[in-house]
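Here is how the chains run, residue by residue.
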Amino acid sequence: MFSLGSWLPALPGLAWGWALLDALLQGESPWGWRGDGLGTPWGTPVTRCCLFPTGLVGACAISVLCSLLKVYLYIQCLNDPERQAEKEAIRAQRRVLELLHVVVLTGVLALVGSRVAALVVLEFSLRAISTILSLGKGAHSSQLYLLCQYSLGCGVSCSLSFLLEGAPHGTCNLALAAGLAGLLATYARRLARHVCTLYELHSRARYCGICILLLAAGHGIPRLLRNALAIVFTVADLSAVALINRDFLSTAEAVRFWTPLTICYTLLVIYMQEEPQQGTGGRPVYQTVLVRMGGLFILLLTVGRWTDILHVLISLLGELWCVLSAGAMLEACRRQ
């Protein structure tokens, strides 16, 4: 295929610019470096130019999840006269804070390395499977959806980075993915604002198609989220395992890493199973975040790199930010 410069007027002074633009659109580096995996996130220009788009897509995925849960919980609180205070708390979130939430998560996900992101995804997947198996048949946990925010962002970033690695137009594909994700997140936030502002009136008057649809099928939002998250985390888990194994040169080296990791995750799952017996307040949620990231921190002190330690600390900030931003919805889930 002809390069972009061949379709444009030949300007000697812009030759380097055309070459640079061609390289970026093809997901390559103009200095001749190629992407050799996500084990060295700052070692390849492909990964350097892809950090921000993957972080943005992950943040948009979290925004969509929060917006749909906000719609569902608001409708549930509206239908219960005893939960009007929770309804007002959910509706009180400002638009500026929603945009700030996306900006902060984009920066956090762009800074976190692929190894730590992959480990976060695997840990949450085991915890989610354990929680789902402990629930009754057909039951669901809205609180689990809120606690998976940061893990969802890491999963989307890992999946995109792995699937688009080595693609001839990786940068262009990521730009398209970021644009579509931003559009979807924008419409999801508009839906949440519309519901929090006008659903009570429109559901009674029954002249708004969106509110009528939510009135009839709003109870199916958790099932929709469960199916979507199952697909996302299945792809993310496969990508995470492949990204982690890529750093090992021998089977013995892989065993030395996976053995303590398996023990650490098993202990974390056991702790999560005992967590509901400790209380129903907001403190166990923050305590769980600290225990999870603390276990991962100690594990990587033994078998990780110094950059992994820094990324764990960044991940801790991301987890706490997600839990703090969803405080009103977490309270509604606990009382549901």
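Residues numbered from 1 in each chain as written. Predicted model: local features only at pLDDT ≥ 70, side-chain atom pairs only at ≥ 80, totals over all residues. Heavy atoms only, no water.

Overview of the overall build of the protein chain
As a reminder of what qualifies: Secondary structure is summarised from DSSP: a helix means a run of H or I of at least four residues, a strand means a run of E of at least two, and numbering begins at the N terminus for each. Working definition: with a 1.4 Å probe on protein chains only, accessible area under 20% of the residue-type maximum means buried, over 50% means exposed, and in between means partly exposed. By the convention used here, residues are in contact when the closest approach between their heavy atoms is within 4.5 Å. Here, Shrake-Rupley sampling with a 1.4 Å probe gives the accessible areas, and only protein chains in the shown set may cover a residue.
For the protein chain, the helix and strand inventory stands at 14 helices and 0 strands. Along its sequence from the N terminus, the protein chain presents helices and strands in the succession α-α-α-α-α-α-α-α-α-α-α-α-α-α. Here the protein chain holds 336 residues, and the buried ones make up 46% of them. In the protein chain, the proportion of contacts linking residues at least 24 apart, taken out of those at least 6 apart, comes to 74%. About 17100 Å² of surface is accessible on the protein chain, with carbon and sulfur atoms providing 68% of the total.

Thoughts on the pattern of salt bridges
The cut-off we apply is this: We define a salt bridge as a side-chain nitrogen of Lys or Arg found within 4 Å of a carboxyl oxygen belonging to Asp or Glu.
Tallying each qualifying case throughout the model produces 7 salt bridges. Of the charged contacts in the structure, one is a salt bridge between Glu200 and Lys87, with a shortest N-O distance of 3.9 Å. Taken as a pair, Glu200 in helix α8 (residues 170–205) and Lys87 in helix α3 (residues 84–91) lie far apart in primary sequence, 113 residues in all. Glu200 gets classed as partly exposed once you look at its relative accessible area, which sits at 27%. Taking the relative accessible area as the measure of exposure, Lys87 reaches 4% and is therefore buried. A network of salt bridges, in which partner residues are shared, links Lys87, Glu88, Arg91 and Glu200.

Quick notes on the packing of helix α5 (residues 114–134) against helix α7 (residues 149–163)
Counted only if it meets this: In this description, a line fitted to the C-alpha atoms serves as the axis of each element, helices being fitted only across the stretch in contact, and the angle between N-to-C directions of two axes falls anywhere from 0 to 180 degrees. Note on angle classes: values under 35 degrees are labelled roughly parallel, values over 145 roughly antiparallel, values of 65 to 115 roughly perpendicular, and the remainder oblique. Less than a right angle of anticlockwise turn of the near helix away from the far helix marks a crossing as left-handed, whereas a clockwise turn marks it as right-handed.
The interhelical angle for the contact between α5 and α7, taken along N-to-C directions, is 125°, at an axis separation of 8 Å. Compared by their axis directions, α5 and α7 come out oblique. Crossing geometry of α5 relative to α7 is assigned as left-handed. Touching Ser114, Ala117, Ala118, Val120, Val121 and Phe124 of α5 are Tyr150, Ser151, Cys154, Gly155 and Cys158, all from α7.

Quick notes on the UniProt feature "transmembrane region" (unreviewed entry) in the protein chain
We count it as follows: UniProt positions are given in the numbering used here, feature names are shortened, and annotations may be inferred rather than shown by experiment.
As recorded in UniProt, the feature "transmembrane region" (unreviewed entry) lies at residues 51–75 and 96–122. For residues 96–122, the end-to-end C-alpha separation is 32 Å, with 93% helix and 0% strand making up the annotated structure.

A few points about helix α10 (residues 221–245)
The following threshold applies: Given a helix with a known number of residues, its expected span is that number minus one, times 1.5 Å.
Taking 1.5 Å per residue, 25 residues should reach 36 Å; α10 reaches 36 Å between its end C-alpha atoms and fits that length. Of all the positions in α10, only Ile221, Pro222, Leu225, Leu229, Phe233, Ala236, Asp237, Ser239, Ala240, Leu243 and Ile244 are classed as buried.

Some words on the packing of helix α4 (residues 95–111) against helix α13 (residues 306–325)
Heads up, the condition is: Residues were grouped as follows: Ala, Val, Leu, Ile, Met, Phe, Trp, Tyr, Cys and Pro as nonpolar; Asp, Glu, Lys and Arg as charged; and all remaining residues, including Gly, as polar.
Running from N to C, α4 and α13 point in directions that differ by 160°, and their axes come no closer than 9 Å. By the criterion of interaxial angle, the relationship of α4 to α13 is roughly antiparallel. In terms of crossing hand, the pair formed by α4 and α13 is left-handed. Of the residues in α13, those in contact with Leu100, His101, Val104, Leu105, Val108 and Leu111 of α4 are His311, Ile314, Gly318, Trp321, Cys322 and Ser325. Here the contact of α4 with α13 is built from residues that sort into 8 nonpolar, 4 polar and no charged.

Side note on the confidence of the model for the protein chain
Rules: Values of pLDDT, which run from 0 to 100, indicate the predictor's confidence residue by residue.
For the protein chain, the mean per-residue pLDDT works out to 77, and 77% of the residues sit at or above 70. In this model residues 1–8 is a low-confidence stretch, pLDDT under 50, and it forms 9 contacts with partners more than four residues away in sequence or in other chains.

Focus: the packing of aromatic side chains
Defined as follows: Working definition: rings of Phe, Tyr and Trp (its six-membered ring) pair if their centres are within 6.5 Å, and the pair is stacked with planes under 30 degrees apart, edge-to-face with planes over 60 apart, and tilted otherwise. Only lysine NZ and arginine CZ atoms are considered, and such an atom sits over a ring when it is within 6 Å of the ring centre and within 35 degrees of the ring normal.
According to the stated counting rule, one finds 1 aromatic pair in the structure shown. Relative to Phe233, the ring of Phe124 has its centre 5.1 Å away and its plane inclined at 35°; by these criteria the two rings are tilted. With Phe124 in helix α5 and Phe233 in helix α10, this pair connects stretches of sequence that are 109 residues apart. Of the two residues examined, Phe124 and Phe233, each falls in the buried class. Lying across the ring of Tyr187, Arg190 places its NZ or CZ 5.4 Å from the centre.

Some words on the state of the cysteines
Filter applied, for reference: Disulfides are defined in this document as cysteine sulfur pairs within 2.5 Å.
Going through the model one piece at a time under the given rule, you end up with 0 disulfides. Not engaged in a disulfide, the cysteine Cys77 finds its nearest cysteine sulfur in Cys333; these two sulfurs lie 8.8 Å apart. A disulfide-free cysteine, Cys154 has its sulfur positioned 6.5 Å from the sulfur of Cys158, the nearest such atom.

Let's talk about the nonpolar core
Test applied: For this analysis, a nonpolar core means a set of buried residues of the types Ala, Val, Leu, Ile, Met, Phe, Trp, Tyr and Cys, connected via side-chain atoms within 4.5 Å.
Residues Leu65, Leu119, Tyr150, Leu296 and Met329 are the most contacted members of the largest nonpolar core, which totals 85 residues. Element by element, the count of residues in this core is highest for helix α2 (residues 45–78), at 16 residues. If we skip the residues at most four places from it in the chain, Met329 touches Cys66, Leu69, Lys70, Leu73, Ile90 and Leu146.

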